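Here's the letter readout for the chains.
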Amino acid sequence: MSLTESAAVDVARSASLASRQLAILPNAARNEALTALHAALDKNRDAILAANAKDVEAATRDANSGGLSHSVLKRLDLSRPGKYDDMLEGILSVRDLDDPVGKVTMRTLLDEGLSLERVSCPIGVLLIIFEARPEVIANIAALAIKSGNAAILKGGKESMESFVAIANVVSDAIAGSRVPVSSIQLVKTRDVVSSLLAQDSHINLVIPRGSNDLVRYVKENTKIPVLGHADGLCSAYIHSDANVDTAVKVIVDSKTDYPAACNALETLLVHEDTLASIFPAVSKALLEKGVSLRCDEASRDALLKVLPAEKAAQVQLASETDYNTEFLDLVLAVKTVPATNPPHTAVEAAIAHINAHSSGHTDIILTETREAANAFTSGIDSAGVFWNASSRFADGMRYGFGTEVGISTNKIHSRGPVGLEGLTIYKYLIRGQGHGAGDYHDGPGGRKYLHKSLSLEGSL
(Lines give C-alpha, C1' and ligand atoms only; values in the text may rest on other atoms or scores of the structure.)
Protein backbone atom coordinates (compact mmCIF):
# COMPACT_ATOMS: atom_id res chain seq x y z
CA MET A 1 0.00 0.00 0.00
CA SER A 2 1.24 3.51 -0.81
CA LEU A 3 0.35 6.49 1.32
CA THR A 4 0.49 9.13 -1.38
CA GLU A 5 -0.21 12.74 -2.16
CA SER A 6 0.62 12.34 -5.83
CA ALA A 7 -1.52 13.82 -8.58
CA ALA A 8 -4.71 11.89 -9.26
CA VAL A 9 -3.66 10.90 -12.75
CA ASP A 10 -0.40 9.40 -11.45
CA VAL A 11 -2.24 7.48 -8.73
CA ALA A 12 -4.77 6.14 -11.22
CA ARG A 13 -2.15 5.23 -13.81
CA SER A 14 0.04 3.36 -11.32
CA ALA A 15 -3.02 1.52 -10.01
CA SER A 16 -3.95 0.51 -13.55
CA LEU A 17 -0.49 -0.91 -14.18
CA ALA A 18 -0.53 -2.74 -10.84
CA SER A 19 -3.96 -4.21 -11.59
CA ARG A 20 -2.61 -5.91 -14.72
CA GLN A 21 0.21 -7.50 -12.76
CA LEU A 22 -2.10 -8.51 -9.92
CA ALA A 23 -4.63 -10.06 -12.29
CA ILE A 24 -2.15 -12.69 -13.45
CA LEU A 25 -0.72 -13.55 -10.04
CA PRO A 26 -1.58 -17.12 -8.98
CA ASN A 27 -4.11 -17.58 -6.21
CA ALA A 28 -1.39 -18.88 -3.88
CA ALA A 29 0.53 -15.60 -4.17
CA ARG A 30 -2.57 -13.54 -3.41
CA ASN A 31 -3.37 -15.76 -0.43
CA GLU A 32 0.16 -15.38 0.93
CA ALA A 33 -0.28 -11.61 0.87
CA LEU A 34 -3.53 -11.91 2.84
CA THR A 35 -1.88 -14.13 5.43
CA ALA A 36 0.84 -11.52 5.87
CA LEU A 37 -1.76 -8.76 6.03
CA HIS A 38 -3.67 -10.53 8.80
CA ALA A 39 -0.52 -11.17 10.83
CA ALA A 40 0.67 -7.57 10.53
CA LEU A 41 -2.66 -6.07 11.61
CA ASP A 42 -2.86 -8.47 14.54
CA LYS A 43 0.70 -7.68 15.63
CA ASN A 44 0.11 -3.93 15.47
CA ARG A 45 -3.32 -3.95 17.10
CA ASP A 46 -2.33 -1.75 20.05
CA ALA A 47 -0.72 0.93 17.88
CA ILE A 48 -3.70 1.03 15.53
CA LEU A 49 -6.21 1.22 18.38
CA ALA A 50 -4.18 4.02 19.95
CA ALA A 51 -4.34 5.99 16.70
CA ASN A 52 -8.05 5.24 16.43
CA ALA A 53 -8.58 6.51 19.99
CA LYS A 54 -7.24 9.92 18.89
CA ASP A 55 -9.77 10.01 16.07
CA VAL A 56 -12.58 8.98 18.40
CA GLU A 57 -11.61 11.64 20.95
CA ALA A 58 -11.66 14.39 18.32
CA ALA A 59 -14.85 13.05 16.76
CA THR A 60 -16.56 12.92 20.16
CA ARG A 61 -15.88 16.62 20.63
CA ASP A 62 -17.31 17.32 17.17
CA ALA A 63 -20.37 15.16 17.85
CA ASN A 64 -21.04 16.87 21.19
CA SER A 65 -20.85 20.28 19.51
CA GLY A 66 -23.15 19.20 16.70
CA GLY A 67 -20.47 19.13 14.01
CA LEU A 68 -20.61 15.35 13.51
CA SER A 69 -23.43 12.85 13.78
CA HIS A 70 -23.30 10.27 16.56
CA SER A 71 -23.89 7.52 13.98
CA VAL A 72 -20.59 8.45 12.29
CA LEU A 73 -18.91 8.39 15.69
CA LYS A 74 -20.11 4.84 16.31
CA ARG A 75 -18.84 3.69 12.92
CA LEU A 76 -15.45 5.25 13.62
CA ASP A 77 -14.69 3.42 16.87
CA LEU A 78 -12.54 0.31 16.30
CA SER A 79 -12.53 -0.51 20.01
CA ARG A 80 -16.20 -1.57 20.01
CA PRO A 81 -16.40 -5.17 21.28
CA GLY A 82 -15.47 -7.61 18.55
CA LYS A 83 -14.97 -5.01 15.81
CA TYR A 84 -11.20 -5.38 15.44
CA ASP A 85 -11.41 -9.17 15.63
CA ASP A 86 -14.16 -9.15 13.00
CA MET A 87 -11.86 -7.15 10.74
CA LEU A 88 -9.10 -9.71 11.17
CA GLU A 89 -11.45 -12.65 10.74
CA GLY A 90 -12.73 -11.13 7.53
CA ILE A 91 -9.26 -11.18 6.00
CA LEU A 92 -8.79 -14.90 6.67
CA SER A 93 -12.33 -15.67 5.55
CA VAL A 94 -11.66 -13.96 2.22
CA ARG A 95 -8.33 -15.75 1.88
CA ASP A 96 -9.95 -19.14 2.38
CA LEU A 97 -12.65 -18.64 -0.24
CA ASP A 98 -12.30 -20.18 -3.69
CA ASP A 99 -10.35 -18.21 -6.25
CA PRO A 100 -12.93 -15.97 -7.99
CA VAL A 101 -10.68 -15.41 -11.01
CA GLY A 102 -10.67 -17.79 -13.98
CA LYS A 103 -13.98 -19.52 -13.18
CA VAL A 104 -15.72 -20.89 -16.27
CA THR A 105 -19.44 -20.06 -16.04
CA MET A 106 -20.47 -21.06 -19.56
CA ARG A 107 -19.02 -23.45 -22.14
CA THR A 108 -20.46 -23.94 -25.65
CA LEU A 109 -19.30 -25.97 -28.63
CA LEU A 110 -19.93 -23.65 -31.57
CA ASP A 111 -18.62 -26.21 -34.07
CA GLU A 112 -16.13 -29.04 -34.16
CA GLY A 113 -12.86 -27.55 -32.98
CA LEU A 114 -14.47 -24.20 -32.14
CA SER A 115 -15.44 -23.56 -28.50
CA LEU A 116 -16.71 -20.60 -26.50
CA GLU A 117 -16.15 -20.01 -22.78
CA ARG A 118 -17.27 -17.27 -20.39
CA VAL A 119 -14.54 -16.80 -17.77
CA SER A 120 -14.49 -14.59 -14.67
CA CYS A 121 -11.82 -11.88 -14.46
CA PRO A 122 -11.05 -8.82 -12.28
CA ILE A 123 -12.81 -5.52 -12.92
CA GLY A 124 -9.50 -3.64 -12.85
CA VAL A 125 -9.12 -0.52 -10.69
CA LEU A 126 -11.55 0.29 -7.88
CA LEU A 127 -11.90 3.75 -6.34
CA ILE A 128 -13.39 3.53 -2.86
CA ILE A 129 -14.41 6.78 -1.16
CA PHE A 130 -15.52 6.33 2.42
CA GLU A 131 -16.34 8.17 5.63
CA ALA A 132 -15.37 7.02 9.13
CA ARG A 133 -15.13 3.17 9.08
CA PRO A 134 -11.32 2.70 9.30
CA GLU A 135 -11.75 -1.09 8.98
CA VAL A 136 -12.71 -0.47 5.36
CA ILE A 137 -9.00 -0.33 4.48
CA ALA A 138 -8.41 -3.89 5.63
CA ASN A 139 -11.70 -5.17 4.19
CA ILE A 140 -11.09 -3.68 0.76
CA ALA A 141 -7.41 -4.54 0.67
CA ALA A 142 -8.31 -8.20 1.30
CA LEU A 143 -11.14 -8.29 -1.24
CA ALA A 144 -9.20 -6.40 -3.89
CA ILE A 145 -6.10 -8.55 -3.63
CA LYS A 146 -8.04 -11.82 -3.62
CA SER A 147 -10.13 -10.75 -6.63
CA GLY A 148 -7.13 -9.44 -8.57
CA ASN A 149 -8.18 -5.78 -8.50
CA ALA A 150 -6.17 -2.70 -7.60
CA ALA A 151 -7.81 -0.26 -5.20
CA ILE A 152 -7.47 3.44 -4.52
CA LEU A 153 -8.89 4.48 -1.15
CA LYS A 154 -9.87 7.97 -0.02
CA GLY A 155 -11.00 8.25 3.58
CA GLY A 156 -12.62 11.02 5.56
CA LYS A 157 -10.71 13.49 7.68
CA GLU A 158 -12.50 12.33 10.85
CA SER A 159 -10.51 9.08 10.85
CA MET A 160 -7.18 10.06 9.31
CA GLU A 161 -5.07 8.95 12.29
CA SER A 162 -6.56 5.46 12.02
CA PHE A 163 -6.14 5.36 8.24
CA VAL A 164 -2.49 6.34 8.38
CA ALA A 165 -1.70 3.78 11.08
CA ILE A 166 -3.45 0.97 9.22
CA ALA A 167 -2.00 2.04 5.88
CA ASN A 168 1.55 1.93 7.18
CA VAL A 169 1.04 -1.58 8.55
CA VAL A 170 -0.62 -2.82 5.37
CA SER A 171 2.09 -1.22 3.23
CA ASP A 172 4.82 -3.16 5.03
CA ALA A 173 2.85 -6.40 4.77
CA ILE A 174 2.25 -6.07 1.02
CA ALA A 175 5.83 -4.99 0.34
CA GLY A 176 7.01 -8.39 1.53
CA SER A 177 4.73 -10.25 -0.88
CA ARG A 178 4.46 -10.67 -4.63
CA VAL A 179 1.53 -8.26 -4.78
CA PRO A 180 2.57 -4.93 -6.35
CA VAL A 181 2.74 -2.16 -3.74
CA SER A 182 0.65 0.15 -5.93
CA SER A 183 -2.20 -2.36 -5.90
CA ILE A 184 -3.56 -0.67 -2.76
CA GLN A 185 -3.13 3.09 -2.43
CA LEU A 186 -4.48 5.44 0.22
CA VAL A 187 -4.63 9.04 -0.93
CA LYS A 188 -4.46 11.78 1.68
CA THR A 189 -4.84 14.98 -0.34
CA ARG A 190 -8.04 16.73 0.73
CA ASP A 191 -9.28 17.89 -2.65
CA VAL A 192 -8.28 14.84 -4.67
CA VAL A 193 -11.76 13.29 -4.99
CA SER A 194 -12.97 15.39 -7.93
CA SER A 195 -9.72 14.72 -9.80
CA LEU A 196 -9.94 10.98 -9.19
CA LEU A 197 -13.55 10.93 -10.38
CA ALA A 198 -12.29 12.31 -13.71
CA GLN A 199 -9.90 9.39 -14.30
CA ASP A 200 -12.35 7.25 -16.28
CA SER A 201 -9.59 6.01 -18.58
CA HIS A 202 -7.79 4.31 -15.66
CA ILE A 203 -10.45 3.68 -12.97
CA ASN A 204 -13.15 1.11 -13.72
CA LEU A 205 -15.55 1.32 -10.76
CA VAL A 206 -16.27 3.80 -7.95
CA ILE A 207 -17.64 2.53 -4.64
CA PRO A 208 -18.78 5.28 -2.23
CA ARG A 209 -19.32 4.24 1.38
CA GLY A 210 -20.85 6.91 3.54
CA SER A 211 -23.66 9.41 3.71
CA ASN A 212 -26.41 9.98 1.22
CA ASP A 213 -24.75 13.28 0.29
CA LEU A 214 -21.46 11.53 -0.49
CA VAL A 215 -23.11 8.92 -2.71
CA ARG A 216 -25.15 11.55 -4.55
CA TYR A 217 -22.06 13.72 -5.09
CA VAL A 218 -20.12 10.80 -6.54
CA LYS A 219 -22.94 9.78 -8.88
CA GLU A 220 -23.35 13.32 -10.15
CA ASN A 221 -19.65 13.99 -10.73
CA THR A 222 -18.18 11.04 -12.61
CA LYS A 223 -18.48 9.11 -15.86
CA ILE A 224 -17.12 6.02 -14.10
CA PRO A 225 -19.72 3.36 -13.15
CA VAL A 226 -20.77 3.74 -9.50
CA LEU A 227 -21.68 0.90 -7.15
CA GLY A 228 -23.34 2.07 -3.97
CA HIS A 229 -26.46 2.88 -2.04
CA ALA A 230 -27.85 6.21 -0.99
CA ASP A 231 -29.71 5.21 2.19
CA GLY A 232 -30.54 2.15 4.23
CA LEU A 233 -34.29 2.69 4.55
CA CYS A 234 -35.06 -0.82 5.78
CA SER A 235 -38.67 -1.71 6.61
CA ALA A 236 -40.46 -4.57 8.37
CA TYR A 237 -44.07 -5.61 8.02
CA ILE A 238 -45.87 -7.50 10.80
CA HIS A 239 -48.67 -9.49 9.16
CA SER A 240 -51.85 -10.43 11.03
CA ASP A 241 -50.71 -14.00 11.68
CA ALA A 242 -47.18 -13.25 12.87
CA ASN A 243 -45.83 -15.16 15.87
CA VAL A 244 -45.46 -12.70 18.72
CA ASP A 245 -42.18 -14.11 20.06
CA THR A 246 -40.66 -14.17 16.58
CA ALA A 247 -41.83 -10.63 15.89
CA VAL A 248 -40.37 -9.29 19.15
CA LYS A 249 -36.99 -10.92 18.63
CA VAL A 250 -36.60 -10.03 14.97
CA ILE A 251 -37.79 -6.42 15.25
CA VAL A 252 -35.73 -5.65 18.36
CA ASP A 253 -32.61 -7.15 16.81
CA SER A 254 -33.19 -5.34 13.52
CA LYS A 255 -33.48 -1.98 15.25
CA THR A 256 -31.19 -2.13 18.27
CA ASP A 257 -28.34 -4.53 17.46
CA TYR A 258 -26.45 -1.68 15.77
CA PRO A 259 -28.71 1.31 15.04
CA ALA A 260 -26.01 3.21 13.11
CA ALA A 261 -25.70 0.50 10.46
CA CYS A 262 -27.29 0.81 7.02
CA ASN A 263 -29.07 -2.52 7.56
CA ALA A 264 -30.81 -1.36 10.75
CA LEU A 265 -34.60 -1.12 10.71
CA GLU A 266 -36.06 2.37 10.15
CA THR A 267 -39.79 1.77 9.44
CA LEU A 268 -42.23 -0.70 10.98
CA LEU A 269 -45.51 -1.50 9.23
CA VAL A 270 -48.12 -3.22 11.41
CA HIS A 271 -51.30 -4.96 10.31
CA GLU A 272 -54.35 -3.35 11.93
CA ASP A 273 -55.33 -6.66 13.54
CA THR A 274 -52.04 -6.71 15.52
CA LEU A 275 -52.54 -3.31 17.19
CA ALA A 276 -54.01 -4.83 20.34
CA SER A 277 -51.90 -7.99 20.43
CA ILE A 278 -48.52 -8.38 18.73
CA PHE A 279 -47.71 -4.70 18.27
CA PRO A 280 -47.84 -3.75 21.98
CA ALA A 281 -45.47 -6.60 22.85
CA VAL A 282 -43.03 -5.50 20.14
CA SER A 283 -43.31 -1.87 21.18
CA LYS A 284 -42.72 -2.54 24.87
CA ALA A 285 -39.55 -4.47 24.01
CA LEU A 286 -38.35 -1.61 21.80
CA LEU A 287 -39.13 1.02 24.42
CA GLU A 288 -37.18 -0.95 27.02
CA LYS A 289 -34.18 -0.68 24.68
CA GLY A 290 -34.57 3.10 24.56
CA VAL A 291 -36.20 3.30 21.13
CA SER A 292 -38.48 6.27 20.40
CA LEU A 293 -41.50 5.47 18.23
CA ARG A 294 -42.96 7.88 15.69
CA CYS A 295 -46.42 6.45 15.04
CA ASP A 296 -49.41 7.19 12.90
CA GLU A 297 -52.60 7.91 14.82
CA ALA A 298 -53.92 4.35 14.88
CA SER A 299 -50.73 2.78 16.23
CA ARG A 300 -50.14 5.61 18.71
CA ASP A 301 -53.65 5.40 20.10
CA ALA A 302 -53.32 1.62 20.50
CA LEU A 303 -50.09 2.03 22.46
CA LEU A 304 -51.26 4.81 24.72
CA LYS A 305 -54.04 2.52 25.96
CA VAL A 306 -51.57 -0.03 27.32
CA LEU A 307 -48.35 1.84 28.09
CA PRO A 308 -47.43 3.15 31.54
CA ALA A 309 -47.25 6.93 31.75
CA GLU A 310 -43.45 7.02 31.97
CA LYS A 311 -43.15 5.31 28.57
CA ALA A 312 -45.74 7.44 26.78
CA ALA A 313 -43.18 10.21 26.19
CA GLN A 314 -41.28 7.87 23.87
CA VAL A 315 -44.28 7.66 21.53
CA GLN A 316 -44.85 10.61 19.19
CA LEU A 317 -46.98 11.30 16.14
CA ALA A 318 -45.12 10.63 12.89
CA SER A 319 -44.80 13.08 10.03
CA GLU A 320 -44.80 11.92 6.43
CA THR A 321 -41.07 12.62 6.17
CA ASP A 322 -40.39 10.06 8.92
CA TYR A 323 -41.23 7.29 6.44
CA ASN A 324 -38.43 8.53 4.19
CA THR A 325 -35.82 9.02 6.90
CA GLU A 326 -32.75 6.92 7.71
CA PHE A 327 -32.54 7.71 11.42
CA LEU A 328 -29.36 5.71 12.17
CA ASP A 329 -30.39 6.03 15.81
CA LEU A 330 -32.86 4.60 18.31
CA VAL A 331 -35.83 6.06 16.44
CA LEU A 332 -38.40 4.02 14.50
CA ALA A 333 -41.28 5.17 12.30
CA VAL A 334 -44.49 3.13 12.59
CA LYS A 335 -47.43 2.94 10.19
CA THR A 336 -50.65 0.89 10.27
CA VAL A 337 -51.69 -1.29 7.34
CA PRO A 338 -55.52 -1.47 7.30
CA ALA A 339 -57.20 -4.85 7.68
CA THR A 340 -58.74 -5.96 4.41
CA ASN A 341 -60.73 -8.81 2.95
CA PRO A 342 -59.26 -10.89 1.43
CA PRO A 343 -56.19 -10.65 3.70
CA HIS A 344 -53.60 -10.89 0.92
CA THR A 345 -54.43 -7.32 -0.09
CA ALA A 346 -52.93 -6.14 3.22
CA VAL A 347 -49.64 -7.68 2.09
CA GLU A 348 -50.04 -5.86 -1.21
CA ALA A 349 -50.58 -2.59 0.67
CA ALA A 350 -47.42 -3.17 2.69
CA ILE A 351 -45.51 -3.96 -0.51
CA ALA A 352 -46.79 -0.79 -2.16
CA HIS A 353 -45.73 1.37 0.78
CA ILE A 354 -42.27 -0.16 0.98
CA ASN A 355 -41.61 0.05 -2.75
CA ALA A 356 -42.68 3.70 -2.68
CA HIS A 357 -40.47 4.66 0.28
CA SER A 358 -37.68 2.08 0.42
CA SER A 359 -34.13 2.69 -0.76
CA GLY A 360 -33.95 -0.87 -2.06
CA HIS A 361 -31.64 -2.13 0.69
CA THR A 362 -33.33 -4.79 2.89
CA ASP A 363 -36.94 -5.35 3.93
CA ILE A 364 -38.56 -8.08 6.03
CA ILE A 365 -41.93 -9.69 6.71
CA LEU A 366 -43.11 -11.37 9.92
CA THR A 367 -45.72 -14.01 9.10
CA GLU A 368 -46.48 -17.68 9.64
CA THR A 369 -48.07 -18.04 6.20
CA ARG A 370 -45.92 -19.13 3.29
CA GLU A 371 -48.37 -17.59 0.83
CA ALA A 372 -48.00 -14.16 2.45
CA ALA A 373 -44.22 -14.53 2.66
CA ASN A 374 -43.94 -15.55 -0.99
CA ALA A 375 -46.10 -12.63 -2.10
CA PHE A 376 -43.93 -10.24 -0.07
CA THR A 377 -40.55 -11.61 -1.19
CA SER A 378 -41.68 -11.59 -4.82
CA GLY A 379 -43.20 -8.13 -4.70
CA ILE A 380 -40.55 -6.18 -2.79
CA ASP A 381 -38.02 -4.54 -5.11
CA SER A 382 -34.98 -4.56 -2.81
CA ALA A 383 -31.56 -6.16 -2.76
CA GLY A 384 -32.52 -8.24 0.29
CA VAL A 385 -35.97 -9.54 1.28
CA PHE A 386 -36.20 -11.66 4.45
CA TRP A 387 -38.91 -13.81 6.05
CA ASN A 388 -38.91 -13.96 9.88
CA ALA A 389 -35.25 -12.91 10.05
CA SER A 390 -33.48 -9.73 11.15
CA SER A 391 -32.47 -7.12 8.60
CA ARG A 392 -29.04 -7.18 10.26
CA PHE A 393 -28.25 -10.37 8.32
CA ALA A 394 -27.69 -8.17 5.25
CA ASP A 395 -23.93 -8.30 5.61
CA GLY A 396 -21.11 -9.80 3.58
CA MET A 397 -19.59 -11.72 6.47
CA ARG A 398 -22.97 -13.12 7.52
CA TYR A 399 -23.64 -14.15 3.92
CA GLY A 400 -20.38 -16.08 3.89
CA PHE A 401 -18.59 -13.63 1.59
CA GLY A 402 -15.75 -13.19 4.09
CA THR A 403 -16.38 -9.46 4.21
CA GLU A 404 -17.78 -6.87 1.82
CA VAL A 405 -16.62 -3.86 -0.10
CA GLY A 406 -20.03 -2.24 0.32
CA ILE A 407 -23.75 -2.68 -0.22
CA SER A 408 -25.21 -2.20 -3.67
CA THR A 409 -28.82 -1.18 -4.17
CA ASN A 410 -28.22 -0.68 -7.87
CA LYS A 411 -29.60 -3.05 -10.49
CA ILE A 412 -26.27 -3.92 -12.02
CA HIS A 413 -24.10 -7.02 -12.03
CA SER A 414 -23.84 -7.00 -8.23
CA ARG A 415 -26.59 -6.32 -5.68
CA GLY A 416 -26.68 -6.43 -1.88
CA PRO A 417 -23.43 -7.10 0.04
CA VAL A 418 -20.63 -7.03 -2.52
CA GLY A 419 -17.95 -9.65 -1.94
CA LEU A 420 -15.50 -11.34 -4.27
CA GLU A 421 -18.04 -12.30 -6.92
CA GLY A 422 -19.23 -8.70 -7.13
CA LEU A 423 -15.66 -7.55 -7.81
CA THR A 424 -15.26 -9.73 -10.87
CA ILE A 425 -16.66 -9.40 -14.35
CA TYR A 426 -16.16 -11.82 -17.22
CA LYS A 427 -14.63 -12.18 -20.64
CA TYR A 428 -15.46 -14.52 -23.52
CA LEU A 429 -12.77 -16.86 -24.80
CA ILE A 430 -12.99 -18.61 -28.17
CA ARG A 431 -10.63 -21.39 -29.14
CA GLY A 432 -10.55 -22.38 -32.78
CA GLN A 433 -8.45 -24.09 -35.41
CA GLY A 434 -8.38 -21.49 -38.15
CA HIS A 435 -12.14 -21.03 -38.23
CA GLY A 436 -13.60 -18.00 -40.02
CA ALA A 437 -17.02 -16.42 -39.49
CA GLY A 438 -17.50 -16.31 -43.26
CA ASP A 439 -17.54 -20.13 -43.37
CA TYR A 440 -21.01 -20.17 -41.78
CA HIS A 441 -23.82 -19.48 -44.24
CA ASP A 442 -26.81 -21.13 -45.88
CA GLY A 443 -25.33 -21.39 -49.34
CA PRO A 444 -23.36 -24.23 -50.94
CA GLY A 445 -20.43 -25.36 -48.79
CA GLY A 446 -21.64 -23.33 -45.80
CA ARG A 447 -21.11 -24.65 -42.30
CA LYS A 448 -23.75 -24.80 -39.56
CA TYR A 449 -23.28 -23.82 -35.92
CA LEU A 450 -23.77 -26.59 -33.36
CA HIS A 451 -24.34 -24.33 -30.33
CA LYS A 452 -24.05 -27.34 -28.04
CA SER A 453 -23.83 -26.71 -24.28
CA LEU A 454 -20.80 -28.42 -22.69
CA SER A 455 -20.06 -29.44 -19.13
CA LEU A 456 -18.26 -26.86 -17.01
CA GLU A 457 -16.12 -29.58 -15.47
CA GLY A 458 -12.61 -30.23 -16.73
CA SER A 459 -10.86 -28.26 -19.47
CA LEU A 460 -11.01 -28.13 -23.24
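Residues numbered from 1 in each chain as written. Predicted model: local features only at pLDDT ≥ 70, side-chain atom pairs only at ≥ 80, totals over all residues. Heavy atoms only, no water.

- In the nomenclature of an unreviewed UniProt entry, the protein chain corresponds to glutamate-5-semialdehyde dehydrogenase from the organism Penicillium capsulatum.
- Taken verbatim from the UniProt record of the protein chain, the Pathway (unreviewed entry) comment is "Amino-acid biosynthesis; L-proline biosynthesis; L-glutamate 5-semialdehyde from L-glutamate: step 2/2."
- Recorded in UniProt for the protein chain, the comment headed Sequence similarities (unreviewed entry) runs: "Belongs to the gamma-glutamyl phosphate reductase family." (UniProt positions renumbered as here; feature names shortened; annotations may be inferred.)

### Quick look at the sheet that holds strand S2 (residues 104-111)
Phase 1: Ordered by their spatial adjacency, four strands build an open sheet running S17-S3-S2-S18, and the pairing between neighbours is antiparallel. If you trace the sheet from one side to the other, it starts and ends with strand S17 (424-431) and strand S18 (452-453), each paired once.
Phase 2: The sheet contact formed by S2 and S18 spans two bridges and is antiparallel. By the bridge assignment, Thr-108 is partnered in S18 with Ser-453. (Pairing = 2+ DSSP bridges. Helix = DSSP H or I, 4+ residues; strand = E, 2+ residues; numbered from the N terminus.)

### Focus: the packing of aromatic side chains
Phase 1: Within the structure shown, the criterion is met by four aromatic pairs.
Phase 2: Measuring from centroid to centroid gives 5.5 Å for Tyr-399 and Phe-401, while their planes differ by 85 degrees, and the two rings are edge-to-face.
Phase 3: On the accessibility criterion, Phe-401 (29% relative accessible area) is partly exposed.
Phase 4: In this structure, Arg-80 is placed above the aromatic ring of Tyr-258, and the distance from its NZ or CZ to the ring centre is 4.2 Å.
Phase 5: When the ring centre of Tyr-426 is taken as origin, the NZ or CZ atom of Arg-118, which lies over that ring, is 5.6 Å away. (Phe/Tyr/Trp six-rings, centres within 6.5 Å; stacked < 30°, edge-to-face > 60°. Buried < 20%, exposed > 50% of the residue type's maximum accessible area, 1.4 Å probe, protein only. Lys NZ or Arg CZ within 6 Å of the ring centre and 35° of its normal.)

### As for helix H2 (residues 27-43)
Phase 1: Between its first and last C-alpha atoms H2 spans 24 Å; for 17 residues at 1.5 Å apiece the expected length is 24 Å, and the two agree.
Phase 2: All buried positions along H2 are accounted for by Ala-29, Arg-30, Asn-31, Ala-33, Leu-34, Leu-37, His-38, Ala-40 and Leu-41.
Phase 3: Each element contacted by the buried residues of H2 is listed here: helix H1 (8-23), helix H3 (45-64), helix H5 (83-95), helix H6 (136-147) and helix H7 (160-175). (Expected span 1.5 Å × (residues − 1). Contact = heavy atoms within 4.5 Å.)

### Considering the state of the cysteines
A covalent bond between the sulfur atoms of two cysteines is referred to as a disulfide.
Phase 1: One pass over the full model with this rule turns up zero disulfides.
Phase 2: Counting only cysteine sulfurs, Cys-234 is the nearest neighbor of Cys-262, a cysteine outside any disulfide, at a range of 6.9 Å.
Phase 3: A relative accessible area of 13% means that Cys-262 is categorised as buried.
Phase 4: This cysteine, Cys-295, is not joined by any disulfide, and Cys-234 carries the nearest cysteine sulfur, 19 Å off. (Disulfide = S-S within 2.5 Å.)

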